[in-house]
Amino acid sequence: MDPYLRYLVNLSTTNPVTVIEDIVTVDGNLLLAAAAPVDEQAYRLLQGKQLAKPLAHYVRLSSLISAAGLLQYLLDTIRSTEYFQSLAERKHPLSSLEPVCAELDKFPLVQQFLTVMSSQMNDLFQRTLCVGLWGLYIAQEMRLPPSDAADVFWAGMTHDIGMLFVDPKILHKTEKLSTEDWQHIQGHVEISRSILASVPGLPAVIVAAVAEHHERCDGTGYPLAKVESELSLAGQILAVADAVVGIYFNRFKAQGRRWREVIPVLEMNRAAYLYRSCEIVSTMIHRSELPLPNVVHGSGVPEFAERMLQQNLHLQNWFIQLRDCLTAVGYTHGDRKLHALQNIIFHIATTFKGTMLFKADLRESLESMASDEGVGMSKVVADASLVQQEMLFHLQRLSRMVQMYIASGEAKDPTIRARIEEGFMNISGYLERPDQPLN
Ligand SMILES: [Fe+2]
């Protein structure tokens, strides 16, 4: 509760927060009477206490985000995002947002959380707006009834309110997070679920979807490691929407990369998500016809195809050498660090197996593009170039990890270490002369 209490106290300097009902502990002891302000003194009285009800139920903010205010935030998000703008123009009229937003005024507690989030965790709020929009667009593309699509939107708008209860010191930590830190952060899912379950009248399907937003179809998610057959449709649409926004904000935005490039990353992780919604996201982004940033046109095509072909062969050799180096020593060594590295190469192998990256078809397309100026760049090749950048990233990362494993002297068995080191001789050359990205 304390992080949320701190946010309320901070907020109250510009948007006064008042107690609307006597705040009591689980044992019935009065802590703060109705009408008191939620200020520093209130913080001292309430911190660390177990309240009879969630704190949010005891307080009122002077000003709350209204349905009209939320609509304005969404329109601003759409207008400032090239990708959303193109979707809104083509397929998803802005007028469909108004009735969806109108729901907000029925749920003052949700208004409270979004108001606190927009002022105290604005980055999270901006991402939340994107998750809500993505969820709504995917649901509309699936032709779900408008009320079901609105539920997905509201699950998107509320899925991470549990983050308001996570210790900000852990969230902003720059050093490596410990297992306990991760467990604490992952706890946001259960907090979101239990808080939303206490909101009167909020549809159960929204609460269930929020509880599932980090679950994955292949059972690799949390908190319950559910599998596809145990998950709701709304929950899986939300999971994809959240993943798409996460990939974009966590990895691409800072590098100036675009939404368009999310597709191959999503495709590589397809087993984790509802297949249909992945397909829909890819189709939606394709249909937006935004230009691909790193793809050439016209006379530059043959040269690009030639470089991509060379890089493709280079990556395949690199992958095979790295795999052989790590798997030739078998799996019965009992060395946990080495097992972890073997798991990564196994994961890379399965991830890229489902892509066109090392298929003869792709090489043939590239060869014909390389030899004839008249052959244009197909979308398949354009996507393959993005997948290829991903492969480069993964191989560089794992190669460095193997290098560090050898250098650290942590290998349990010297014979195995020597064999890995010998195998790595073939790989170190790739790291010394890493392939340049294609663009
Ligand atoms: Fe989350």
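Residues numbered from 1 in each chain as written. Predicted model: local features only at pLDDT ≥ 70, side-chain atom pairs only at ≥ 80, totals over all residues. Heavy atoms only, no water.

The chain carries the name HD-GYP domain-containing protein in an unreviewed UniProt entry, which gives Cellvibrio fontiphilus as its organism.

Asks: Any chance you could explain the nonpolar core here in plain terms?
Replies: One broad rule of soluble globular proteins: the nonpolar side chains tend to lie buried together. Among the nonpolar cores identified, the biggest contains 105 residues, and Leu-70, Phe-84, Trp-134, Ile-138, Trp-154 and Leu-164 are the most heavily contacted of them. Composition of this core by domain shows at least three residues from each of domain 1 (2-61) and domain 2 (67-287). Filtering out sequence-adjacent residues up to four positions away, Phe-84 remains in contact with Thr-77, Ile-78, Cys-130, Leu-133, Trp-134, Tyr-137 and Trp-259. Judged by nonpolar contacts, the second largest core, of 29 residues, contains Met-268, Tyr-405, Ile-420 and Ile-427. (Core = buried A, V, L, I, M, F, W, Y, C linked by side-chain atoms within 4.5 Å. Buried < 20%, exposed > 50% of the residue type's maximum accessible area, 1.4 Å probe, protein only. Domains from an automatic or database assignment. Contact = heavy atoms within 4.5 Å.)

Asks: What's the story with unusual backbone geometry in this structure? I'm lost.
Replies: Excluding glycine, residues mostly have negative phi values, and the peptide bonds linking residues are mostly trans. Following Tyr-222, the chain continues to Pro-223 via a peptide bond in cis, the omega torsion being 5°. The phi dihedral of Arg-143 is positive, around 60°, even though this residue is not glycine. Among the secondary structure elements, Arg-143 is positioned in the loop between α7 (122-141) and α8 (146-158). If you check the backbone angles, Ala-225 has positive phi at about 50° while not being a glycine. Of note, Ala-225 is situated in the loop between α12 (204-211) and α13 (233-252). (Helix = DSSP H or I, 4+ residues; strand = E, 2+ residues; numbered from the N terminus.)

Asks: Help me out: how do you make sense of the domain arrangement of the chain in this one?
Replies: One frequent convention defines the size of an interface as the accessible area lost when the parts assemble. Domain parsing of the chain yields domain 1 (2-61), domain 2 (67-287) and domain 3 (298-432). If you average the C-alpha positions of domain 2 and of domain 3, the two centres end up 32 Å apart. Listed as interface residues are 9 residues of domain 2 and, on the opposing side, 9 residues of domain 3. When domain 2 packs against domain 3, the two sides together hide about 890 Å² of surface, and 58% of this comes from carbon and sulfur. (Buried area = accessible area lost by both parts, 1.4 Å probe.)

Asks: How should the environment of Ala-211 be read in this particular structure?
Replies: Its place among the elements puts Ala-211 in helix α12. In sequence terms Ala-211 and Ile-348 are 137 residues apart; their C-alpha atoms lie 29 Å from each other. Leave out the neighbours within four places in its chain, and Ala-211 touches Val-189, Arg-193 and Pro-223.

Asks: What is the right way to look at the side chain of Gln-342 in this model?
Replies: Mapped onto the elements of the fold, Gln-342 is located in helix α17 (residues 336-353). At 3.1 Å, the side chain of Gln-342 and the side chain of His-333 are in polar contact. Not counting residues up to four positions away in its chain, the partners in contact with Gln-342 are Leu-326, Thr-327, Val-329, Gly-330, Tyr-331 and His-333. (Polar contact = N/O pair within 3.5 Å; in protein donor to acceptor, adjacent residues only side chain to side chain.)

Asks: Can you walk me through the packing of aromatic side chains in this structure?
Replies: Each aromatic ring pair is characterised by the separation of its centres together with the angle its planes make. The full count for this structure, using the stated rule, is 9 aromatic pairs. Residues Phe-113 and Phe-165 carry aromatic rings whose centres are separated by 6.4 Å and whose planes lie at 65° to one another, so their mutual orientation is edge-to-face. You can see Phe-113 sitting in helix α6 (residues 108-120) and its partner Phe-165 sitting in the loop between α8 and α9 (168-171), a full 52 residues away along the chain. The pair Phe-113 / Phe-165 is uniform in exposure class, with both members buried. Every member of this aromatic cluster is reached through a ring pair, and the members are Tyr-4, Phe-113 and Phe-165. (Phe/Tyr/Trp six-rings, centres within 6.5 Å; stacked < 30°, edge-to-face > 60°.)

Asks: Got a minute to help me understand the coordination of the iron ion in this structure?
Replies: Any two of four tetrahedral donors ideally make an angle of 109.5 degrees at the metal, while pairs among six octahedral donors ideally make 90 or 180 degrees. Protein-derived ligands of the iron ion are Asp-160 (OD), His-188 (NE2), His-213 (NE2) and His-214 (NE2), with the metal-ligand distances lying across 2.1 to 2.3 Å. Considering all 4 donor atoms around the iron ion, angles at the metal cover 83 to 177° and the coordination shape is irregular. Of note, the donors binding the iron ion are all from one chain and are spaced D-x27-H-x24-H-H. (Donors = N, O, S within 2.8 Å, 3.2 Å for Na, K, Ca; no water. Tetrahedral: all angles 85-135°; square planar, octahedral: opposite > 155°, others 65-115°.)

Asks: What is the right way to look at the environment of Thr-327 in this model?
Replies: In this fold, Thr-327 is placed in helix α16 (residues 301-327). Classification of Thr-327 as partly exposed rests on a relative accessible area of 26%. Put simply, Thr-327 and Ser-62 are 265 residues apart on the chain and 63 Å apart in space, counted from C-alpha to C-alpha.

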